[in-house]
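# Report on the structure
Below, each chain spelled out in residue letters.
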Amino acid sequence: MSEKKHRVSRRQFLNYTLTGVGGFMAAGMLMPLVRFAVDPVLQTTAGGEFVNTKVKVDELTSEPLRVDFTVKQKDAWYESEEPKSAWVYKNDNGDIVALSPICKHLGCTVNWNADSANPNKFFCPCHNGLYEKDGTNVPGTPPPAPLDVYDLQVKDGFLYLGKAKPRGEA
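A short tour of the structure in this document, coming up. Everything quoted here is computed from the prediction, not taken from an experiment. (Residues numbered from 1 in each chain as written. Predicted model: local features only at pLDDT ≥ 70, side-chain atom pairs only at ≥ 80, totals over all residues. Heavy atoms only, no water.)

## Focus: the pattern of salt bridges
Applying the stated criterion across every chain, the model contains 4 salt bridges. For Arg66, the salt bridge identified is with Asp68, shortest N-O distance 3.3 Å. Residue classification places Arg66 among the partly exposed positions, given a relative accessible area of 37%. Judged by relative accessible area, which is 52%, Asp68 ranks as exposed. (Salt bridge = Lys/Arg side-chain N within 4 Å of Asp/Glu carboxyl O. Buried < 20%, exposed > 50% of the residue type's maximum accessible area, 1.4 Å probe, protein only.)

## With respect to the environment of Ala27
Within the element layout of this structure, Ala27 appears in helix α2 (residues 10-42). Residue class for Ala27 comes out partly exposed when judged on its relative accessible area of 38%. With 78 residues separating them in the primary sequence, Ala27 and His105 have C-alpha atoms 48 Å apart. (Helix = DSSP H or I, 4+ residues; strand = E, 2+ residues; numbered from the N terminus.)

## Overview of the environment of Ala26
Take Ala26: it is sitting in helix α2. Separated by 71 residues in the primary sequence, Ala26 and Val97 have C-alpha atoms spaced 55 Å apart.

## A short note on the sheet that holds strand β6 (residues 122-124)
Spatial strand order, β5-β6-β7: 3 strands in an open sheet with antiparallel pairing. Every interior strand has two partners, whereas the edge strands, β5 (111-112) and β7 (129-131), have only one. Of the pairings in the sheet, the one linking β5 to β6 comprises 2 bridges and is antiparallel in character. Its bridge partner lying in β6, Trp112 is registered against Phe122. (Pairing = 2+ DSSP bridges.)

See the structure below:
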């Protein structure tokens, strides 16, 4: 009698087998998608990395100096070095200021003292954008916001720059 109770019909056996195989195949297809979505969240980021600019702090003056440096970046499996630059100077208090040269209007590169009609200002040649020496945008010109400010550190007399952040976050 117990044999009849636990007997599985051919139809039930095929149903169980196909459901198990289908579930296994679905899990095999979904696992890479789940890993793709969750893996970036679990990755440790190297936040706060500072790059040596090879500029001695003692050599900085009140005149903005263009400082070029490279940042190592990893995009999936491809590692490269990205060239970057900053405008660095000492303000009236003797504090070091490092400004991004990227215009907030259309992303062109600003230059110091490049426009003879507007001396002692950062000038964007794309649409005649102007910034004051401290990076604030001149009212009535195209840039909608001030230049970004780099995080910076001084180690062993050399200037190290981090990431550029908008003025409110620096």
